[in-house]
Amino acid sequence: MAEYTTILEGLEVRMLLGIHPHEQAPQRVRLTVEMTVDYPSPPRCDAISEVLDYDFVRERIRALSEARGFALQETLLDTIAALCFEDPRVRRVRVRSVKPDIYPDAAVGCEIVRTR
């Protein structure tokens, strides 16, 4: 068995996320996704078909951010973790969100870890 961690770091989207009146317009959200992936063995050749292609996660997150809003960062992160688990090779997911524009002196965020 070969274990790798595939990382999508700092993906920035604009989306509805929050409960406060000033969050009723799309805002910047930065997302980082780390997926621990199990393979039967290390890649035999230098080809994307041998490993998880992170494009599917990036594309699905972008589509999700355009399709709907979320009140809670926790709900957003659980939704992203669930889409990562659509690939059966993914064993563990860590997802982090950061809203950088809420306060003038700090960003706010949330992180979850889910394991199958």
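You'll find the structure just up there.
The rules behind the values
- Residues numbered from 1 in each chain as written.
- Predicted model: local features only at pLDDT ≥ 70, side-chain atom pairs only at ≥ 80, totals over all residues.
- Heavy atoms only, no water.
- Helix = DSSP H or I, 4+ residues; strand = E, 2+ residues; numbered from the N terminus.
- Buried < 20%, exposed > 50% of the residue type's maximum accessible area, 1.4 Å probe, protein only.
- Pairing = 2+ DSSP bridges.
- Axes fitted to C-alpha atoms, helices over the stretch in contact; angles between N-to-C directions.
- Contact = heavy atoms within 4.5 Å.

**Student:** What should I look at first to understand the side chain of T36 in this one?
**Tutor:** Examined against the element boundaries, T36 turns out to sit in strand β2 (residues 27-39). On the basis of relative accessible area, T36 is assigned to the buried category, the value being 6%.

**Student:** It is not clear to me how the sheet that holds strand β1 (residues 2-15) should be interpreted in this structure. Could you clarify?
**Tutor:** Within a sheet, adjacent strands bond to each other through the backbone by hydrogen bonds, running parallel or antiparallel. Taken together, four strands build an open sheet; the order of strands is β1-β2-β3-β4 and the sheet is antiparallel. The sheet is open, and its two edges are formed by β1 and β4 (108-115), each paired on a single side. For this sheet, the mean inter-axis angle between neighbouring strands, taken without regard to orientation, is 10 degrees. The sheet contact formed by β2 and strand β3 (residues 90-99) spans eight bridges and is antiparallel. The residue bridging V37 from the neighbouring strand is V90, located in β3. Together, β1 and β2 form the strand contacts of helix α1 (residues 55-67), whose direction differs from that of β1 by roughly 25 degrees.

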